[in-house]
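# Observations on the model geometry
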Amino acid sequence: MQKNIQNPELFVLGAGPGDPELMTMKGYKVLQQANVILYDNLANKELLAISRPDCEKVYVGKQPYGDYTPQETIHEMIKHYAFTKGNVVRLKGGDPFIFGRGFEEILYARQQGITTHYIPGVTSMQASGLEDIPLTHRLVSESVWMVTGTKKDGSLSADLTCAMHSNATVVIYMGMKKLAEIALAYVKAGKGDTPAAIIQHASLPNQKSAKGKAKDLVTIAADHQLTYPAIIIIGDVVNVKN
């Protein structure tokens, strides 16, 4: 049995939207030094090859609407590996602090006496530019609302109502299961004709997307076979190049 490490460390690292080349240089260096990597479902597995051959790699992912590793279990694994291996990297898709529970893991680690580090990642909405959709554009959109499509209790975020009544670009994460509710909310607000786009597997070779109107989100997804993981973008920026 290994004795406890005196200076355990946790690095909560953003893997970016998918393309491994969108990993930050700092993140790359941290992966090279990792003793253990706890990686999730949305982190590109190619990034694991950056680590040393003796680095232990443990999957702690959460399949969409399916099997998942409970957060409590992830916490216990962070504690276990930090005190037995010393250097743990928690590799999370996108940016860990944007709908990623990364800060929860940092707070837990600190309570255990583990030194923590946060390394930002490129969040998936920034990959919208790969589909010629700028998040902001002069005279079209001067701000961005990021909204979660599904709250902890499973309901649609009430913030969406505020967002849709602004002139901002609205980006909805984890909203594919709520397309019908989102579309209905826009119709009820008299904004059903607002341009909308769905982007799946942003930044990866199998990226695909489709555009239409907010009221037709369900049809857009069905016609183009779009599903999770995907982001939904609603606003005039969707058609800014037309």
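The protein chain has the name uroporphyrinogen-III C-methyltransferase in an unreviewed UniProt entry, where Mucilaginibacter dorajii is given as its organism. Annotation of the protein chain in UniProt includes, under Sequence similarities (unreviewed entry), the sentence "Belongs to the precorrin methyltransferase family." Here the protein chain is described in UniProt, under the heading Pathway (unreviewed entry), as follows: "Porphyrin-containing compound metabolism; siroheme biosynthesis; precorrin-2 from uroporphyrinogen III: step 1/1."

On to helix H3 (residues 102-111). Taken together, the buried positions of H3 are Gly102, Glu105, Ile106, Tyr108 and Ala109. Buried residues in H3, looked at end-on, bunch into an arc of 165°, giving them a common side. Among the structural elements, strand S1 (9-14), helix H2 (71-85), strand S4 (87-92) and strand S5 (115-119) are those in contact with the buried residues of H3. Immediately downstream of H3, the backbone of glycine 113 shows phi near 85°, a positive value.

This paragraph deals with the side chain of serine 128. Mapped onto the secondary structure, serine 128 falls in the loop between S5 and strand S6 (144-148). With a relative accessible area of 1%, serine 128 lands in the buried category. Of the polar contacts made by the side chain of serine 128, one reaches the backbone oxygen of isoleucine 133; its length is 2.9 Å. Look past the residues within four positions of serine 128 in its chain and what remains in contact with it is Ile133, Leu135, Ile199 and Ile233.

On the basis of which strands lie adjacent, the open sheet formed by five strands has the order S6-S7-S10-S8-S9 and mixed pairing. On the outer flanks of this sheet lie S6 and strand S9 (208-213), each paired with one strand and no other. Strand-to-strand twist across the sheet, computed as the mean angle between neighbouring axes with direction ignored, equals 20°. Where strand S7 (residues 169-173) and strand S10 (residues 230-234) come together, three bridges link them in antiparallel fashion. Looking across to S10, one finds that valine 171 is bridged to isoleucine 233. The sheet contacts of helix H5 (residues 179-188) involve S7, strand S8 (195-200) and S10, and relative to S10 the element is tilted by about 5°.

Where H2 contacts H3, the axes come no closer than 10 Å and their chain directions differ by 45°. In terms of orientation, H2 lies oblique with respect to H3. When you trace H2 past H3, the crossing you get is right-handed. Every residue of H3 that contacts H2 at Gln71, Ile74, His75, Glu76, Ile78 and Lys79 is listed here: Glu104, Glu105, Tyr108 and Ala109. Taken together, the residues of the contact of H2 with H3 sort by class into four nonpolar, two polar and four charged.

What follows concerns a nonpolar patch on the surface. Residues Phe97, Phe103, Leu107 and Tyr118 make up a contiguous nonpolar surface patch of about 340 Å² in total accessible area. With respect to the helices and strands, the residue phenylalanine 97 is situated in the loop between S4 and H3.

Turning to the nonpolar core, a few remarks are in order. Ile198, Leu217, Ile232 and Ile234 are the most contacted members of the largest nonpolar core, which has 22 residues in total. If you list the elements that add at least two residues to this core, you get helix H4 (159-164), S7, H5, S8, helix H6 (217-223) and S10. In terms of residues, this core owes the most to one element, H5, which gives four residues. If sequence neighbours within four positions are ignored, leucine 217 has contacts with Leu179, Ile182, Ala183, Ala196, Ile198, Ile232 and Ile234.

To continue, consider the pairing of S1. Among the six residues that make up S1, five are buried, leaving the element largely enclosed by the rest of the structure. Bridge count between S1 and S4: six bridges; the pairing is parallel. The residue of S4 that forms the bridge with leucine 10 is valine 88. Here S1 pairs with S5 via five bridges, running parallel.

Under the defined criterion, the tally for this structure stands at four aromatic pairs. With a centroid separation of 3.8 Å and an interplanar angle of 5°, the aromatic rings of phenylalanine 97 and tyrosine 118 are classed as stacked. Of this pair, phenylalanine 97 sits in the loop between S4 and H3 while tyrosine 118 sits in strand S5, placing them 21 residues apart in sequence. Judged by its relative accessible area of 32%, tyrosine 118 is partly exposed. Members of the aromatic cluster, connected to one another through ring pairs, are Phe97, Phe103 and Tyr118.

Definitions and cut-offs
Residues numbered from 1 in each chain as written. Predicted model: local features only at pLDDT ≥ 70, side-chain atom pairs only at ≥ 80, totals over all residues. Heavy atoms only, no water. UniProt positions renumbered as here; feature names shortened; annotations may be inferred. Buried < 20%, exposed > 50% of the residue type's maximum accessible area, 1.4 Å probe, protein only. Helix = DSSP H or I, 4+ residues; strand = E, 2+ residues; numbered from the N terminus. Arc of directions from axis to C-beta. Contact = heavy atoms within 4.5 Å. Polar contact = N/O pair within 3.5 Å; in protein donor to acceptor, adjacent residues only side chain to side chain. Pairing = 2+ DSSP bridges. Axes fitted to C-alpha atoms, helices over the stretch in contact; angles between N-to-C directions. Parallel < 35°, antiparallel > 145°, perpendicular 65-115°, else oblique. Left-handed = near helix turned anticlockwise from the far one by under 90°. Nonpolar A, V, L, I, M, F, W, Y, C, P; charged D, E, K, R; others polar. Patch = residues over 30% accessible without salt bridge, like charges linked within 9 Å, V, L, I, M, F, W, Y side chains within 5 Å. Areas by Shrake-Rupley, 256 points an atom, 1.4 Å probe, with all protein chains shown as cover. Salt bridge = Lys/Arg side-chain N within 4 Å of Asp/Glu carboxyl O. Core = buried A, V, L, I, M, F, W, Y, C linked by side-chain atoms within 4.5 Å. Phe/Tyr/Trp six-rings, centres within 6.5 Å; stacked < 30°, edge-to-face > 60°.

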